[in-house]
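If you want the building blocks of each chain, they are given just below.
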Amino acid sequence: MQKKAHAPMPVHYVKECGAKVPWTRVDSGEMLDSDHILKDIKGQKMTYTEAVRNALAQALRLDEKVFVMGQGINDEVGMFGATTGLYKEFGEDRVFDTPLAETGVTGVAVGAAMGGMRPVYCHNRPDFLMLAMDQLVNHASKYNYMSGGICPIPLVIWAVTGQGWGSAAQHSQALHGMFMHVPGIKIIMPTTPYDVKGLLLQAIADNNPVLFLDHRRIHNQVGSVPEEMYTIPFGKGVVRKQGKDITILGISSMALEALRAEEALRSKGIDAEILDLRTIKPLDIEMIITSVKKTGRLLIADTGWKTGGISAEISTLVYERLYRELKAPVARVSLPDVPTPAAYTLEEAYYNNAADIVREAEKSMRSVS
Amino acid sequence: MENMLLKLYYSMKRIRMVENYIADHYNGEVREMRTPIHLCDGQEGIAAGVCGNLHRQDTVFGNHRSHGHYLAKGGDLKKMVAELHNRETGCCRGRGGSMHLIDRENGVALTSSIVAGNVSIAVGYALAQKMKKTDTISVVFFGDGASEEGSVYESICYAKINRLPVLFVCENNLYSISTPFCVREPNADIGSKFETILPVASVDGNDVLTVYEKTREITEHIRNGEGPWFLECKTYRYRNHHNTGNGVDNRFRTTEELDLWKAKCPIMKLERKLSAEGLLENAEIERIEDEIQKEIEAAFSYAKESACPDAGTLCEGVWS
Ligand SMILES: Cc1ncc(C[n+]2csc(CCOP(=O)(O)OP(=O)(O)O)c2C)c(N)n1
Ligand SMILES: [Mg+2]
């Protein structure tokens with residue numbers, strides 16, 4: 001489906017848009033307290049990025065093999081707050097700034113991982129990882145297999161997908177679908193403070209290259225995070241809310257939009273089951289199958305492009321297993337095949353939110369087989 | 001020469017006033033200027049001095065901090081301001097924003113927000129010019145941070161071995177976002193990294209006259225088919241990496257450091273020289289400022305009165 005044939009914008013639109021979403025906040029999205037979906041977690045309330053920092057600090061403290069690097073990692077802000085002040089506690093030998101040399105420094109990280117360390121290499125945007133593709137795709141992902149298992153690469157690459165107010169085509173790309181194509185790289189995309197801590201600690205403990213993809217719009221989440229170290233296994237999604245009518249599978253920030261959509265759908269008498277995938281590779285296909293068996297309907301809400309991406313992959317997996325049990329074709333809410341436009345009128349049409357999920361879910365509900 | 005000095009002065013002054021005007025109206029009343037901005041005030045001497053030597057057909061390739069390159073090369077101010085306002089009348093029809101400015105008619109080939117992404121493209125553009133036997137040259141502007149990317153080395157070697165008409169201009173402003181030069185670079189300057197490959201000149205980027213004269217000499221060599229040159233211009237930016245603050249508020253540098261560089265302002269420096277030589281009266285300065293101010297205000301009105309892209313056109317333009 002090509003994206004949205006919009007009616008022309010009303011003239012007053014521009015002004016309204018400015019007032020409705022003051023642009024300074026658009027980037028991080030609305031705040032969501034994850035405690036209402038994760039009811040029994042005990043711990044200190046913190047933001048998503050504080051949970052990232054908490055995990056990094058604990059890993060650095062526990063294991064001297066861990067080190068953290070990236071451009072601007074030690075500046076005052078410290079990677080959106082996720083690395084703020086870490087170098088003061090752990091020293092600049094273990095938490096350090098890197099030059100603007102993604103190709104080479106990724107190779108350095110791979111080499112350090114081979115050499116017995118556990119590097120975490122942080123980037124502001126996955127767009128910059130395109131310079132690191134050779135090392136990630138041709139090297140990091142290959143050596144364990146190619147060596148018959150004697151050359152594992154325990155490496156974490158952390159990057160934050162951008163969205164909002166004019167980030168435009170080169171600073172906003174959600175590229176997980178592309179990376180997913182490559183065997184040998186694990187891909188993690190959490191949404192809550194609790195999950196990010198457990199998954200990041202798992203990523204650092206993992207003996208493989210792990211691509212850890214955050215999203216600017218989830219950075220504002222708050223929630224309870226236990227003080228002790230814990231890990232969340234890869235390949236395990238979560239059911240955020242049980243329902244019987246339609247399965248809505250959310251990826252990264254779209255999992256939060258799915259939760260918002262769920263409320264709206266409930267008021268329309270539709271009982272949606274909300275799944276948060278959390279880890280893209282390995283993929284929790286059993287969770288999806290179990291849910292879709294129950295509801296007969298699936299909507300996939302992704303932050304990336306439609307063509308050749310994760311929504312296409314999951315749809316196929318579901319069709320392979322549940323062809324006869326589906327009550328409606330798999331619905332997809334994803335980005336149209338267009339580079340991100342800068343202008344906010346176009347940006348608004350480009351990105352999806354809860355309303356788009358609601359619309360597509362209702363459409364799916366109307367289709368009867 | 002006298003005329004040229006005034007031109008350089010005007011060019012720098014115009015860039016400075018545009019940047020300041022943007023800063024004053026950013027995040028303020030003009031909420032619709034929703035684009036991440038990287039202002040270049042403090043560095044105007046380089047854009048003005050280099051572009052002062054270029055012909056209309058010569059092309060420049062910029063980066064995320066390219067308002068100055070665009071303007072100095074003759075890019076349309078109205079269209080740039082409209083682009084910052086996300087308008088359909090913008091130089092990229094609102095699709096690009098502040099970091100992606102193009103005015104092909106006036107030789108602004110492209111600007112890229114992927115650091116160093118523009119460097120190899122400039123080399124390829126020069127290759128095309130050589131094949132087509134035009135006598136135009138490519139000029140690529142990039143920062144000290146960008147010079148650390150591997151593709152810069154690859155591009156420079158390629159340009160040299162093929163004797164391509166490229167001028168590599170490195171604006172060394174001592175910072176990559178908030179990371180200072182000294183923790184990223186092994187040498188005291190950038191040029192020395194490349195001097196075994198191609199001819200390198202290192203100049204004071206805050207002295208527009210030096211930049212201008214050095215570039216004139218270099219571009220003559222390049223136009224003669226002698227191959228690429230590397231010009232390092234030492235300079236400093238007055239603002240934060242992006243947005244409008246002054247860096248001191250971000251605590252990545254000290255007020256003393258900033259003041260030191262403010263005292264080396266390229267515009268003030270030339271203004272003093274021109275005044276001392278009786279070439280620029282105060283009344284003339286006022287007249288220039290007035291004229292530029294009017295031009296800027298007209299550009300902002302134009303932008304604000306223009307329509308935003310229609311959301312219905314979102315999917316148009318992916319293919320040529
Ligand atoms: C490949 C890539 N890596 C990282 C970034 C993030 N980034 C944008 S500008 C910048 C600093 C650039 O410094 P420099 O080249 O010196 O230019 P300046 O901003 O000082 O003008 C960085 C790290 C990017 N845009 N592209
Ligand atoms: Mg710099």
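Remember, predicted model here, so these are calculated numbers, not experimental data.

Student: I'm lost on the overall build of chain B in this one. Help?
Tutor: When its secondary structure is counted, chain B shows ten helices and eight strands. Taken along the three principal axes of its C-alpha coordinates, chain B extends 55 × 50 × 40 Å. The burial tally for chain B puts 58% of its 320 residues in the buried class. Residue pairs in contact within chain B that sit at least 24 positions apart in sequence constitute 74% of those at least 6 positions apart. Measuring between centres, the 38 positive side-chain charges of chain B sit 3 Å from its 46 negative side-chain charges.

Student: I keep staring at the site of ligand 1 and nothing clicks. Help me out?
Tutor: Taken together, 21 residues sit near ligand 1, with A:Glu102, B:His64, B:Arg65, B:Asp144 and B:Gly145 positioned nearest. With respect to ligand 1, the chains having nearby residues are chains A and B. Here an oxygen atom of ligand 1 sits 2.8 Å away from a polar atom, N or O, in the side chain of B:Arg65. Within the side chain of B:Asp144, an N or O atom sits 2.7 Å from an oxygen atom of ligand 1. Summarising the interface, the protein chains cover 96% of the accessible area of ligand 1, which totals 580 Å² for the free molecule. Residues that form the shell around ligand 1 fall into these classes: eight nonpolar, nine polar and four charged.

Student: Just checking my understanding: could you explain the domain arrangement of chain A for this structure?
Tutor: Quoted interface sizes are often the accessible area lost when the parts come together. Residue and element names in this part refer to chain A. According to the domain assignment, chain A consists of domain 1 (2-225) and domain 2 (238-366). At the interface, 45 residues of domain 1 touch 37 residues of domain 2. At the boundary of domain 1 with domain 2, the tally comes to three salt bridges. Across the pair Arg217 and Glu257 runs a salt bridge whose closest N-O atoms are separated by 3.9 Å. Taken together, domain 1 and domain 2 are joined by 14 residue pairs in polar contact (both at pLDDT 80 or more). For the side of domain 1 that touches domain 2, the secondary-structure elements that each account for two or more residues are α1 (13-20), α8 (176-180), β6 (186-188) and α9 (193-205). Of the residues forming the side of domain 1 that touches domain 2, the biggest block, four residues, is contributed by α1. Of the residues assigned to the side of domain 1 that touches domain 2, the class counts are 23 nonpolar, 15 polar and seven charged.

Student: Is there a simple way to explain the side chain of B:Ser112 in this structure?
Tutor: Inspection of the secondary structure assignment puts B:Ser112 in the loop between β2 (108-111) and α5 (117-132). Looking at B:Ser112, its side chain comes within polar contact range of the main-chain nitrogen of B:Ile114, at 3.0 Å. When near neighbours in sequence (up to four residues on either side) are disregarded, B:Ser112 contacts A:Gln170, B:Gly62, B:Asn63, B:His64, B:Met99, B:Gly117 and B:Asn118.

Student: Explanation requested: the coordination of the magnesium ion (ligand 2) in the structure shown.
Tutor: Ideal geometry at a metal gives 109.5 degrees between four tetrahedral donors and either 90 or 180 degrees between six octahedral ones. Surrounding the magnesium ion (ligand 2) are the protein donor atoms B:Asp144 (OD), B:Asn173 (OD1) and B:Tyr175 (O), which sit 2.0 to 2.1 Å from the metal. Of note, the donors binding the magnesium ion (ligand 2) are all from one chain and are spaced D-x28-N-x1-Y.

Student: In this structure, what is going on with the interface of chain B and chain A? I would like to understand it.
Tutor: On the chain A side, the residues contacting the 39 residues of chain B number 44 residues. Between chain B and chain A the total buried area reaches about 3400 Å² when both faces are included, carbon and sulfur atoms providing 64% of it. Counting the contacts that link chain B with chain A gives zero salt bridges. Here chain B and chain A share eleven residue pairs in polar contact (both at pLDDT 80 or more) between them. In terms of residue class, the side of chain B that touches chain A is made up of twelve nonpolar, 17 polar and ten charged.

Student: Please explain helix α2 (residues 44-51) of chain B as it appears in this structure.
Tutor: Each α-helix turn comprises 3.6 residues. Residues three or four places apart therefore point the same way. Burial analysis of α2(B) places eight of its eight residues in the buried class, the great majority of the element. Those residues of α2(B) that sit buried are B:Glu44, B:Gly45, B:Ile46, B:Ala47, B:Ala48, B:Gly49, B:Val50 and B:Cys51.

Student: Sorry, what's going on with the pattern of salt bridges here?
Tutor: A side chain with one charge can pair with a side chain of the opposite charge if their charged atoms come near. Residue and element names in this part refer to chain A. The full count for this structure, using the stated rule, is 36 salt bridges over all chains. Linking Arg278 and Asp195 is a salt bridge whose minimum nitrogen-to-oxygen distance equals 2.9 Å. Taken together, the residues span a long stretch of sequence, with Arg278 in the loop between β11 (272-276) and β12 (279-281) and Asp195 in helix α9 at a distance of 83 residues. In this pair, the class of Arg278 matches that of Asp195, namely buried. Salt-bridge contacts for Lys241 lead to Glu262; the nearest nitrogen and oxygen are separated by 2.9 Å. A residue pair is termed long-range when its members are at least 10 positions apart, and Lys241 in strand β9 (residues 238-241) and Glu262 in helix α10 (residues 253-267) qualify at 21 residues. Taking relative accessible area as the criterion, Glu262 reaches 4% and is therefore assigned buried. Salt bridges sharing partners connect three or more residues here, namely Lys241, Lys244, Asp245, Glu262, Arg266 and Asp271.

Student: Hey, could you run me through the sheet that holds β11(A) in this one?
Tutor: Each strand in a sheet pairs with its neighbour through backbone hydrogen bonds, running either in the same direction (parallel) or in the opposite one (antiparallel). All names here are of chain A. Overall, mixed pairing links the five strands, which are arranged β9-β11-β10-β13-β14 in an open sheet. The open sheet is flanked by β9 and β14 (331-335), the only strands paired with a single partner. Averaged over all neighbouring strand pairs, the angle between strand axes comes to 25°, with direction disregarded. The pairing of strand β10 (residues 246-250) with β11 spans five bridges and is classified as parallel. Bridge pairing links Ile248 to Ile274 in β11. Of the strands in this sheet, β9, β10, β11, β13 (298-305) and β14 touch α10, which is tilted by about 170° from β11.

Student: Looking at this structure, how should I read the packing of aromatic side chains?
Tutor: Aromatic ring pairs are defined here through the distance separating the ring centres and the angle between the ring planes. All names here are of chain B. As enumerated under the stated definition, the model contains ten aromatic pairs over all chains in all. With a centroid separation of 5.5 Å and an interplanar angle of 65°, the aromatic rings of Phe61 and Tyr125 are classed as edge-to-face. Residue Phe61 is found in strand β1 (residues 59-62), and its partner Tyr125 is found in helix α5; the two are separated by 64 residues along the sequence. An aromatic cluster of three or more residues is present, and its members are Tyr175, Tyr236, Phe252 and Trp261.

Student: Help me understand the environment of A:Glu228, please; the structure alone is not making it clear to me.
Tutor: All names here are of chain A. Counting through the fold element by element, Glu228 comes out in the loop between β8 (222-225) and β9. The exposure class of Glu228 is exposed, given its relative accessible area of 52%. Separated by 185 residues in the primary sequence, Glu228 and Gly43 have C-alpha atoms spaced 9.0 Å apart.

Parameters at a glance
Residues numbered from 1 in each chain as written. Chains lettered and ligands numbered in written order. Predicted model: local features only at pLDDT ≥ 70, side-chain atom pairs only at ≥ 80, totals over all residues. Heavy atoms only, no water. Helix = DSSP H or I, 4+ residues; strand = E, 2+ residues; numbered from the N terminus. Buried < 20%, exposed > 50% of the residue type's maximum accessible area, 1.4 Å probe, protein only. Contact = heavy atoms within 4.5 Å. Lys, Arg positive; Asp, Glu negative; His and termini not counted. Charge placed at Lys NZ, Arg CZ, Asp CG, Glu CD. Near = heavy atom within 4 Å. Polar contact = N/O pair within 3.5 Å; in protein donor to acceptor, adjacent residues only side chain to side chain. Areas by Shrake-Rupley, 256 points an atom, 1.4 Å probe, with all protein chains shown as cover. Nonpolar A, V, L, I, M, F, W, Y, C, P; charged D, E, K, R; others polar. Domains from an automatic or database assignment. Salt bridge = Lys/Arg side-chain N within 4 Å of Asp/Glu carboxyl O. Donors = N, O, S within 2.8 Å, 3.2 Å for Na, K, Ca; no water. Buried area = accessible area lost by both parts, 1.4 Å probe. Pairing = 2+ DSSP bridges. Axes fitted to C-alpha atoms, helices over the stretch in contact; angles between N-to-C directions. Phe/Tyr/Trp six-rings, centres within 6.5 Å; stacked < 30°, edge-to-face > 60°.

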